Amino acid sequence: MKVLLLNGSSHLHGCTDTALREIAAVLEAAGIEAEILFLGNEPVRDCTACGACKTLSGRCVFDDDIVNQVIAKAEAADGFVFGSPVYYAHPSGRILSILDRVFYAGKHAFAHKPAAAIASARRAGTTATLDVLQKYFTISQMPVVSSTYWTMVHGKQPEDVLKDEEGLQTMRNLASNMAWMLRCIEAGKAAGIQPPQAESGARTNFIR
Ligand SMILES: Cc1cc2nc3c(=O)[nH]c(=O)nc-3n(C[C@H](O)[C@H](O)[C@H](O)COP(=O)(O)O)c2cc1C
């Protein structure tokens, strides 16, 4: 069983990574593989809405960045944590550009897999950031994993995050809940419980 944790910061070992490592350690102690994937700090393309992914069997037409790697890793993962720093009270533009393309081309890789979002801020904008990230889950049939507080840490430097005792506790509790949910889903599958088949066909612009 594997959880893929995305670091949407431009800092390889910044505050977001510090929080993700706290989660990964608890998952690994519970016997669940945890891979932290740094989304990088190179320029990244936004979705061009070309629609070519509809004919490319689950891949983005632009194959020169990390997007198709994320989709491939998502196909092999059982759960997800999306982590972002707060930039002007929203997630990083990097993680949004990547996730827009990942979900538009590779939505199939996510359905019925549990997921959580975490945010790192110096001070404010965390709940708006979490709200944006969680919207990928709730349009993709993904159970949302929660914790004992909204899933945020505070800091400008990683050392600040290490002093945020409640933030780190919230990360650990999130990880325990993720491990529990994954085990429940595994037990359900072993007992013959299949994910529901979603209805499709109705796709309207408001009412027509
Ligand atoms: C462009 C930019 C915008 C930021 N906007 C906010 C903000 O709105 N609220 C906040 O509390 N911190 C803000 N910050 C600070 C970062 O969110 C904070 O330092 C975060 O913990 C950095 O995480 P990282 O080390 O993983 O990149 C901003 C930082 C940058 C670079």
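Here, every reference points to the structure presented above.
About the criteria used
Note on numbering: residues in each chain are counted from 1, in written sequence order. Where totals are concerned, whole chains, interfaces and linings use all residues; where local detail is concerned, this predicted model gives features only for residues with pLDDT of at least 70, and gives and counts side-chain atom pairs only at 80 or more. Heavy atoms from the whole structure form the basis of all side-chain values; hydrogens and water molecules are not counted. Working definition of a nonpolar core: buried Ala, Val, Leu, Ile, Met, Phe, Trp, Tyr and Cys residues. They are joined through side-chain atoms within 4.5 Å. Three labels apply to residues, based on accessible area from a 1.4 Å probe with only protein chains included: buried if under 20% of the type maximum, exposed if over 50%, partly exposed otherwise in between. What counts as a helix is a DSSP run of H or I of at least four residues, what counts as a strand is a run of E of at least two, and both are numbered from the N terminus. Should any heavy atoms of two residues lie within 4.5 Å, those residues are considered in contact. Put simply, the grid is 1 Å and covers the protein atoms alone, a cavity is a trapped set of points that fit a 1.4 Å probe, a pocket is an open set with protein on both sides within 12 Å along at least five of seven lines, and lining residues have an atom within 4 Å of a point. Grid points are joined across faces, edges and corners, and a volume is the space filled by probe spheres set on the points. Asp, Glu, Lys and Arg are counted as charged, while Ala, Val, Leu, Ile, Met, Phe, Trp, Tyr, Cys and Pro are counted as nonpolar; the rest, among them Gly, fall into the polar class. Put simply, two rings from Phe, Tyr or Trp (the six-membered ring, in Trp's case) pair if the centres are within 6.5 Å, and we call them stacked under 30 degrees between planes, edge-to-face over 60, tilted for the rest. By this rule, a helix spans an expected 1.5 Å times one less than how many residues it contains. A pair is scored as a salt bridge if a Lys or Arg side-chain nitrogen falls within 4 Å of a carboxyl oxygen belonging to Asp or Glu. In this analysis an axis means a line fitted to C-alpha atoms, helices contributing only their contacting stretch, and an angle means the value between N-to-C directions, from 0 to 180 degrees. Should an angle fall under 35 degrees it is called roughly parallel, over 145 degrees roughly antiparallel, and 65 to 115 degrees roughly perpendicular, with every other angle called oblique. Crossing handedness is read from the near helix: turned anticlockwise from the far helix by less than a right angle, it gives a left-handed crossing, and turned clockwise, a right-handed one. Definition of nearness: a residue and a molecule or strand are near each other if at least one heavy atom of the residue lies within 4 Å of the molecule or strand. Definition of a polar contact: a pair of N or O atoms within 3.5 Å, with one able to donate and the other able to accept a hydrogen when the atoms are protein atoms, and with sequence-neighbouring residues admitted only if both atoms are side-chain atoms. Here the accessible surface of atoms and residues is derived via Shrake-Rupley with a 1.4 Å probe, and residues count as covered only by protein chains that are part of the display.

A word on the nonpolar core
Step number 1: Counting 32 residues, the largest nonpolar core has F80, F82 and F110 as its most contacted members.
Step number 2: Elements with a minimum of two residues in this core: β1 (2–7), α2 (67–76), β3 (79–87), α3 (93–106), β5 (115–121) and α4 (126–138).
Step number 3: No other element matches α3, which puts six residues into this core.
Step number 4: With residues near it in sequence (within four places) discarded, F110 still touches A74, F80, F82, V102, F103, S140 and M142.
Step number 5: Core analysis: the next-biggest nonpolar cluster, separate from the first, contains 24 residues, I23, L27, V81 and I118 among them.

What to know about empty space enclosed by the protein
Step number 1: In this structure the tally under the stated criterion is one cavity of 30 Å³ or more.
Step number 2: If you add up the space inside the largest cavity, you get close to 100 Å³.
Step number 3: What lines the largest cavity is a set of 13 residues, among which C47, C50, C53, C60 and R101 lie closest to the centre.
Step number 4: Taken together, the residues of the lining of the largest cavity break down into ten nonpolar, two polar and one charged.

Let's talk about the packing of aromatic side chains
Step number 1: For the structure on display, the rule yields seven aromatic pairs.
Step number 2: With 6.1 Å between their ring centres and 85° between their planes, F82 and F103 make a pair best called edge-to-face. One end of the pair, F82, is in strand β3; the other, F103, is in helix α3, with 21 residues separating them in the sequence.
Step number 3: Owing to a relative accessible area of 0%, F82 belongs among the buried residues under this scheme.
Step number 4: Classification of F103 by relative accessible area gives buried; the value is 8%.
Step number 5: Their ring planes at 20° and their centres at 4.1 Å tell us that F103 and F110 sit as a pair that is stacked.
Step number 6: Feature note: the residues F80, F82, F103, F110, Y136 and F137 constitute an aromatic cluster, connected by ring pairs.

Observations regarding helix α1 (residues 15–29)
Step number 1: For α1, built from 15 residues, the straight-helix expectation of 21 Å at 1.5 Å per residue is met to within 8% by its first-to-last C-alpha distance of 22 Å.
Step number 2: Within α1 the residues assigned to the buried category are C15, T16, D17, T18, A19, L20, I23, A24 and L27.
Step number 3: Positive backbone phi, approximately 85°, marks G31, located one or two places after α1.

Re the pattern of salt bridges
Between side chains of opposite charge, pairing is possible as soon as their charged atoms come close.
Step number 1: Scanning all chains against the criterion turns up ten salt bridges.
Step number 2: A salt bridge links R172 to E22; the shortest N-O distance between them is 2.7 Å. Of the two residues, R172 is situated in helix α6 (residues 165–190) and E22 in helix α1; the sequence distance between them amounts to 150 residues.
Step number 3: Of the charged contacts, one joins K135 and D131 as a salt bridge, the two residues approaching to 2.8 Å between their closest N and O atoms. With K135 and D131 both in helix α4, this residue pair falls four residues apart, about one helical turn.

As for the packing of α2 against α3
Step number 1: The geometry of α2 relative to α3 is characterised by a closest axis approach of 9 Å and an angle of 55° between their N-to-C directions. The angle between α2 and α3 falls in the class oblique. Both α2 and α3 take part in a crossing whose hand is right-handed. Residues V67, V70 and I71 of α2 form the contact with α3, whose participating residues are I98, R101, V102, A105 and G106.

Let's talk about the site of the ligand
Step number 1: Around the ligand sit 17 residues in total, of which S9, T16, V86, S120 and R123 are the nearest.
Step number 2: Residue Y88 places a main-chain N or O atom 2.9 Å away from a nitrogen atom belonging to the ligand.
Step number 3: Burial of the ligand by the protein amounts to 76% of the accessible area it has alone, namely 650 Å².
Step number 4: When contributions to the shell around the ligand are tallied by element, the ones reaching two or more residues are α1, β3 and β5.
Step number 5: For the shell around the ligand, the element with the highest residue contribution is β3, accounting for three residues.
Step number 6: Of the residues belonging to the shell around the ligand, the class tally is eight nonpolar, six polar and three charged.

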